[in-house]
Amino acid sequence: QKEVEQNSGPLSVPEGAIASLNCTYSDRGSQSFFWYRQYSGKSPELIMSIYSNGDKEDGRFTAQLNKASQYVSLLIRDSQPSDSATYLCAVKRNTGFQKLVFGTGTRLLVSP
Amino acid sequence: DVKVTQSSRYLVKRTGEKVFLECVQDMDHENMFWYRQDPGLGLRLIYFSYDVKMKEKGDIPEGYSVSREKKERFSLILESASTNQTSMYLCASSGRGLAIDIQYFGAGTRLSVL
């Protein structure tokens, strides 16, 4: 079982729709969770972090965390073609130094 | 803005060559990281450093070494390049305190070993 699992996609949504990206993790003691966006040929950039159960909103982005079920999700409201990218879920390991474990990413395609 | 600069965007090397990948950050960050990114495998941590001259192995250190002689610079060394080290290499850095979790990435170096 991978430490962090994501569906590779592609997830295709029309412009204006809500895109829902999901991630599950195996280390029940994990406390910190992140979503990075990576455009094709570019490096990842952090878009959201979440540390507590529940929802965290930032503009059109909402991160949701459920530690009991060991999943974290990212909702993108009013999706735009410019949101087309690969979204990487990252989880900080509960032991040792501040190492992030990344999922393989979900590719999102937003069609005009 | 944080800037993480990797010295080369593309490199082509031959099997057996010694390869140096350089990374410089300008935000006085304590922590620096080297990852490789491969299709279907995602980002995997090779080595990281939390201080000058300090280094720790990540998940896939075999075939690699690192050097951090100055705070702003973190080098990845492939002692004897092999074809299975063909990959995209990404350097990242992060600060201390609450910022320790936020990693800033360089543009990446795409290495081809022939």
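For the structure, check the block above.
Figured I'd write up the structure that's included with this text. Please read these numbers as outputs of a predicted model, since none were measured by experiment.

A word on the overall build of chain B. When its secondary structure is counted, chain B shows zero helices and eleven strands. Starting at the N terminus, the α and β elements of chain B follow one another as β-β-β-β-β-β-β-β-β-β-β. By the compact-globule yardstick of 13 Å for 114 residues, chain B fits well, its C-alpha radius of gyration being 13 Å. Dimensions along the principal axes, computed over C-alpha positions, put chain B at roughly 40 × 30 × 25 Å. Looking at chain B as a whole, 49% of its 114 residues are labelled buried. Across chain B, every contact between residues at least 6 apart in sequence was considered, and the portion connecting residues at least 24 apart equals 56%. In chain B, the 16 positive side-chain charges and the 15 negative ones have mean positions that sit 5 Å from each other.

In this section: the layout of surface pockets. Approximately 560 Å³ is the volume found for the largest pocket. Of all the secondary structure elements, the ones that give two or more residues to the lining of the largest pocket are strand S9 (85-92) and strand S11 (106-111) of chain A together with strand S4 (31-38) and strand S9 (87-94) of chain B. Tallied by class, the residues present in the lining of the largest pocket amount to ten nonpolar, twelve polar and four charged. A volume near 270 Å³ is recorded for the second largest pocket. Contributing to the lining of the second largest pocket are 16 residues, with A:Val101, A:Phe102, B:Leu41, B:Leu43 and B:Arg44 lying nearest its centre. Where the lining of the second largest pocket is concerned, the elements lending two or more residues are strand S10 (100-102) of chain A together with strand S5 (42-51) of chain B. In the lining of the second largest pocket, the residues fall into eight nonpolar, three polar and five charged.

Right, let's talk about the interface of chain B and chain A for a bit. How big an interface is tends to be expressed through the accessible area that disappears when the partners come together. Facing the 22 residues of chain B at the interface are 20 residues of chain A. At the boundary of chain B with chain A, total buried surface from both sides reaches about 1600 Å², with 58% on carbon and sulfur atoms. Counting the contacts that link chain B with chain A gives one salt bridge. Of the charged contacts in the structure, one is a salt bridge between A:Arg93 and B:Asp59, with a shortest N-O distance of 3.1 Å. Applying the counting rule to chain B against chain A returns four residue pairs in polar contact (both at pLDDT 80 or more). At the level of secondary structure, the elements contributing two or more residues to the side of chain B that touches chain A comprise S4 and S5 of chain B. Broken down by class, the residue content of the side of chain B that touches chain A amounts to twelve nonpolar, six polar and four charged.

Moving on, we get to empty space enclosed by the protein. Residue and element names in this part refer to chain A. In the structure shown here, the tally under the stated rule is one cavity of 30 Å³ or more. Here the largest cavity is characterised by a volume of approximately 40 Å³. As for the largest cavity, its lining consists of Glu-3, Val-4, Tyr-25, Ser-26, Asp-27, Ser-30, Val-91, Arg-93 and Val-101.

Parameters at a glance
Residues numbered from 1 in each chain as written. Chains lettered and ligands numbered in written order. Predicted model: local features only at pLDDT ≥ 70, side-chain atom pairs only at ≥ 80, totals over all residues. Heavy atoms only, no water. Helix = DSSP H or I, 4+ residues; strand = E, 2+ residues; numbered from the N terminus. Rg over C-alpha atoms; globule rule 2.2 N^0.38 Å. Buried < 20%, exposed > 50% of the residue type's maximum accessible area, 1.4 Å probe, protein only. Contact = heavy atoms within 4.5 Å. Lys, Arg positive; Asp, Glu negative; His and termini not counted. Charge placed at Lys NZ, Arg CZ, Asp CG, Glu CD. 1 Å grid on protein atoms, 1.4 Å probe; cavity = no way out; pocket = protein on both sides within 12 Å on 5 of 7 lines; lining within 4 Å. Points joined across faces, edges and corners; volume = space filled by probe spheres on them. Nonpolar A, V, L, I, M, F, W, Y, C, P; charged D, E, K, R; others polar. Buried area = accessible area lost by both parts, 1.4 Å probe. Salt bridge = Lys/Arg side-chain N within 4 Å of Asp/Glu carboxyl O. Polar contact = N/O pair within 3.5 Å; in protein donor to acceptor, adjacent residues only side chain to side chain.

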